[in-house]
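Summary of the model geometry
Chain by chain, the residues run as shown.
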Amino acid sequence: MSDRLSIDPAHLTTASAALLDHVRESAPLVHCITNSVVTNFTANAVLAIGAAPAMVDIRVEAGLFAGIASGLLVNLGTPHEEQRDAAREAVAAASDAGTPWVLDPVAVGALPVRTSLAHELLAHRPTAIRGNASEVIALAGAGAGGRGVDAADSTDAAAEAARHLALTYGSVVAVSGPIDLITDGRRTARVANGDALLTRMTGGGCALGAVTAAFLGASRASATEGASRADADLTATVAATLVYTVAAELAAAVSAGPGTFGPAFLDALALVTPEQVVERARVTLTDGASEPAPSVATGAEVGA
Amino acid sequence: MSDRLSIDPAHLTTASAALLDHVRESAPLVHCITNSVVTNFTANAVLAIGAAPAMVDIRVEAGLFAGIASGLLVNLGTPHEEQRDAAREAVAAASDAGTPWVLDPVAVGALPVRTSLAHELLAHRPTAIRGNASEVIALAGAGAGGRGVDAADSTDAAAEAARHLALTYGSVVAVSGPIDLITDGRRTARVANGDALLTRMTGGGCALGAVTAAFLGASRASATEGASRADADLTATVAATLVYTVAAELAAAVSAGPGTFGPAFLDALALVTPEQVVERARVTLTDGASEPAPSVATGAEVGA
Amino acid sequence: MSDRLSIDPAHLTTASAALLDHVRESAPLVHCITNSVVTNFTANAVLAIGAAPAMVDIRVEAGLFAGIASGLLVNLGTPHEEQRDAAREAVAAASDAGTPWVLDPVAVGALPVRTSLAHELLAHRPTAIRGNASEVIALAGAGAGGRGVDAADSTDAAAEAARHLALTYGSVVAVSGPIDLITDGRRTARVANGDALLTRMTGGGCALGAVTAAFLGASRASATEGASRADADLTATVAATLVYTVAAELAAAVSAGPGTFGPAFLDALALVTPEQVVERARVTLTDGASEPAPSVATGAEVGA
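Residues numbered from 1 in each chain as written. Chains lettered and ligands numbered in written order. Predicted model: local features only at pLDDT ≥ 70, side-chain atom pairs only at ≥ 80, totals over all residues. Heavy atoms only, no water.

**Topic: the sheet that holds strand β2 (residues 52-54) of chain B**
In a beta sheet, neighbouring strands are held together by backbone hydrogen bonds and run either parallel or antiparallel to one another. All names here are of chain B. Strand order in the open sheet formed by nine strands is β2-β1-β3-β4-β5-β6-β7-β8-β9, with mixed pairing between adjacent strands. The sheet terminates laterally at β2 and β9 (283-287), the two strands that pair on one side only. When the angles between neighbouring strand axes are averaged without regard to direction, this sheet yields 20°. On the sheet, helix α7 (residues 133-140) packs against β4 (101-104), β5 (128-132) and β6 (172-176) and is oriented at approximately 125° with respect to β5. Sitting on the sheet, helix α9 (residues 206-221) is in contact with β1 (29-33), β3 (71-75), β4, β5 and β6, with an inclination near 160° to β3. (Pairing = 2+ DSSP bridges. Helix = DSSP H or I, 4+ residues; strand = E, 2+ residues; numbered from the N terminus. Axes fitted to C-alpha atoms, helices over the stretch in contact; angles between N-to-C directions. Contact = heavy atoms within 4.5 Å.)

What follows is the structure, given as structure tokens:
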């Protein structure tokens, strides 16, 4: 199957390591429109990975800035009125300019203002969508069978919703969890790296959205002619998740708890080497035909 | 006196330790409407203690969310226009749903917008009010004698204002200071734990408001039939203060200054054990008849 | 030349050390209107240096508070609509009350809302303006030759723009960079202290604006009769920069990366001694006649 063969699973982790170098060399400008709880941590995560954050979330300026940024994150965690307008402007401008952008639909489903905005923004076809299992299931909504939101949903429980969203909007969908799942609707990667401390600190998921925008921006800027954009976007989203979760492992090893984990994690984002990424990677890749995977042991295991 | 005997002072610390376990087991959902300076730290403190924070501070969503949360914090530190409306919605919904809620009247008195809002919200009878001595004195206002705001006010200077507020609104009032004072207007507990580093870091007081909402939520959920709600709310507020200030002591012991204290304190909130709470507790309890207490040495000393 | 002789370069560092003591003794109240990314870090930096932060950025209250604060910072990083009104009120009130105030024109130039607001506020003649080279060049705009914004601009490239701004608005202009440049348009100090980690963490520049407001406030409060206000404001701005960058060096020595640098830097702000400031200072001072300086080696070298 061409879908399966266009990305060589054995090379996903080496491509991730190469993209990490490329982010650090090119320092992509990442436009973040994000919630008030995690702005500081998100900006620091983007800086730590080697990119340049800019939090521009007011009317007029948001649209202008999205057109010149390398990547855009729109996170709906605390969608104040002025920020909602800014998000609309930024997404429209990113679409026009071809700026890759990431939608993080925080807590969609039960809360109507953000749910309505998320669906409005979806129409602009995000490059990537990042959320936890419950958010992805809620966002897919009736189209995927109308399952309700459950904070305990596992990433595999969200696999069908993720593929549905991906195929509907032409997006890469990344579902965060103990095992991260990343799909473009045809191919599904699973990343088994990470540490539970990422969930004991606010912003652990939100900042990954911004780091994903950085990797997508760097990937687009370095795209070789003739390469598939679908392959490149899927690879960049996997790379962001892999580098991020490997850094979490390095940080957890030197942390006493969730408080000291935060600074240690930022250190690790700055210090993690491409070699460590390759060495620690626990990535699998399956195509549509082999889904649903009964466990992470299925598929081509890459790395350690 | 029945007031005095309904809480056994010798059991306040063991009840605090048990509530800490209960918060960790039940992970109450804490709805926070708080100021822009401390959102991140507050969310991390709530996560660290074992509860689940959600910062929902926009119109429409705030009212919906307060009805399903286990507890609500309304902190008036930076009351932007949209947030003021959200606070009004949330408090009304919490009152309707019986969700316990905490009012933190940051800097009331001199600043008119928040002062006016604080008095409007007070009419909904907060479950608990948490502030420093000056804020509690200012909030009590003319009713307590019209004393002015003085940042140097001690918690004992605020004792009368605190009792007045408590009796007027049926609230537990917690006054933060070197010795924390918690009263329901009839019984007054004093907690002599803590560390001055809590005041050298922003959010040291504000995050306690959210942790108090977590303890109140967990306490309400586990209430045994026939138990006095007044007793339970006073005990839960004391428990939050005691666990929080004991964690501060543990963190101060491993901190080089106010910067490293922050992460260490979050670690300590996550790692403090019920046994450490009991062992380190410096809690006294007096009834109305024995007030004003000349010093913390009066009353029934519990723990070390 | 009187300009040159009114500040003795050999005494700039001892004056800085003395002002550090004075900030800690007097705990000036610093009113901060700043961006949503750095509010927490800024408040913690102000607390760490020994001053008292207050983030008051809503209408009505901002004007009232600026009149009673010791110093004011207006940072334009995320100028939401309500905050823009608050900034206008606060600057007008500070001007009326004689409260020293600092303008940080984050990202002016390309982004029209903040650029327009910056020029509006400039008319009130800020006590100090703090930015990076690109921002200072952009703010000086056509008046300094209309040079465009370039994130790679060095502080020396901004020297002419800084002097132009300083003379036009009667402000001290501080340009952050590997070597910080501080000028009142006639005298130019350069501070070669600091560490690159300050730029790998968000808020490294922004918080310096608030610390500068603290030093200006403490300096005004302790001004001796007959002393030149121009001398005092230039000295206070140099002192803030020097203390801040020396603290960065102390923190870098105990940090593993940009994450652990943050808490370590706050510790260092709290713990740095006047003696360490004098011992580590790398400050030069030149008058207008000797500008432009070919390198930092020119001018009177003070300290080590």
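Now, onward.
**As for the state of the cysteines**
When the sulfur atoms of two cysteines share a covalent bond, that bond is a disulfide. Residue and element names in this part refer to chain C. Under the counting rule described, the total for this entry stands at zero disulfides over all chains. Lacking any disulfide linkage, C32 is separated from the closest cysteine sulfur, that of C206, by 11 Å. With a relative accessible area of 13%, C206 lands in the buried category. (Disulfide = S-S within 2.5 Å. Buried < 20%, exposed > 50% of the residue type's maximum accessible area, 1.4 Å probe, protein only.)

**What about the relation of the copies chain C and chain A?**
When chain C is brought onto chain A, the operation consists of a screw motion whose angular component is 120° and whose axial shift is 0.0 Å, with 0.0 Å RMSD remaining. As the rotation angle and translation indicate, the two copies are arranged about a three-fold axis. The rotation axis passes nearest to the C-alpha of C:S36 in chain C, at a distance of 4.0 Å. Interface overlap between copies: only 4% of the residues of chain C at the interface are likewise at the interface in chain A, consistent with a contact formed by different surfaces. (Least-squares fit on C-alpha atoms with pLDDT ≥ 70 in both.)

**Brief notes about the packing of aromatic side chains**
Residues and elements named next belong to chain B. If you walk through the whole model with that rule in mind, you get nine aromatic pairs over all chains. When the centroid spacing of 6.3 Å and the interplanar angle of 20° are considered together, the rings of F41 and F265 count as stacked. Of this pair, F41 sits in helix α3 (residues 39-49) while F265 sits in helix α11 (residues 258-271), placing them 224 residues apart in sequence. Take F265: its relative accessible area is 0%, and that puts it in the buried class. (Phe/Tyr/Trp six-rings, centres within 6.5 Å; stacked < 30°, edge-to-face > 60°.)

**Considering the environment of A:I49**
Residues and elements named next belong to chain A. Position of I49 relative to the elements: it lies in helix α3 (residues 39-49). Overall, I49 belongs to the buried group, its relative accessible area being 0%. In this structure, the C-alpha to C-alpha distance between I49 and V211, residues 162 residues apart in sequence, is 7.5 Å. If sequence neighbours within four positions are ignored, I49 has contacts with L20, V23, R24, F215, V243 and L269.

**A word on the sheet that holds strand β4 (residues 101-104) of chain C**
Residue and element names in this part refer to chain C. Ordered in space as β2-β1-β3-β4-β5-β6-β7-β8-β9, the nine strands form an open sheet in which the pairing is mixed. Either end of the sheet is taken by a strand with one partner, and the two such strands are β2 (52-54) and β9 (283-287). Strand-to-strand twist in this sheet, taken as the mean axis angle between neighbours without regard to direction, amounts to 20°. Bridging between strand β5 (residues 128-132) and strand β6 (residues 172-176) involves five bridges; their strand directions are parallel. Counted as the bridge partner of R130 is A174 from β6. Set on the sheet, helix α6 (residues 112-122) makes contact with β3 (71-75), β4 and β5; between it and β4 the angle comes to about 155°. Against the sheet, helix α7 (residues 133-140) contacts β4, β5 and β6, and its axis sits at roughly 125° relative to β5.

**Comments concerning the interface of chain C and chain A**
Across the boundary between the two partners, chain C contributes 24 residues, which contact 22 residues of chain A. Contact between chain C and chain A buries roughly 1800 Å² in total, counting both sides, with carbon and sulfur atoms accounting for 58%. The three residues of chain C that bury the most area against chain A are C:V37, C:L111 and C:R200, which together make up 27% of that side's buried surface. On inspection of chain C and its partner chain A, the count reaches three salt bridges. Two residues, C:R114 and A:E61, come together in a salt bridge whose shortest N-O distance is 2.6 Å. In this assembly, chain C and chain A are joined by 14 residue pairs in polar contact (both at pLDDT 80 or more). (Buried area = accessible area lost by both parts, 1.4 Å probe. Salt bridge = Lys/Arg side-chain N within 4 Å of Asp/Glu carboxyl O. Polar contact = N/O pair within 3.5 Å; in protein donor to acceptor, adjacent residues only side chain to side chain.)

**Regarding the pairing of strand β7 (residues 180-183) of chain A**
Residue and element names in this part refer to chain A. Side chains of β7 alternate between two faces, with D180 and I182 and L181 and T183 buried alike. In terms of strand pairing, strand β6 (residues 172-176) meets β7 through three bridges, oriented antiparallel. Residue pairing in the sheet places V173 in a bridge with T183 of β7. Once β6 ends, the chain turns through three residues before running back antiparallel as β7.

**Remarks on the UniProt feature "binding site: ATP" (unreviewed entry) in chain A**
All names here are of chain A. The sites that UniProt annotates as "binding site: ATP" (unreviewed entry) are R130 and S176. Look at the named residues: they lie 47 residues apart in sequence, but the longest C-alpha span between them is just 7.3 Å, so in the fold they bunch up. Secondary-structure assignment places R130 in strand β5 (residues 128-132). If we ignore the near neighbours within four places in the chain, the residues touching R130 are V102, L103, D104, P105, A174, S176, G205, C206, L208 and G209. Structurally, the position occupied by S176 is in strand β6. Those residues in contact with S176 that sit more than four places away from it in its chain are R130, G131, N132, A133, T155 and L208. A polar contact is formed between the side chain of S176 and the side chain of R130, at a distance of 2.5 Å. (UniProt positions renumbered as here; feature names shortened; annotations may be inferred.)

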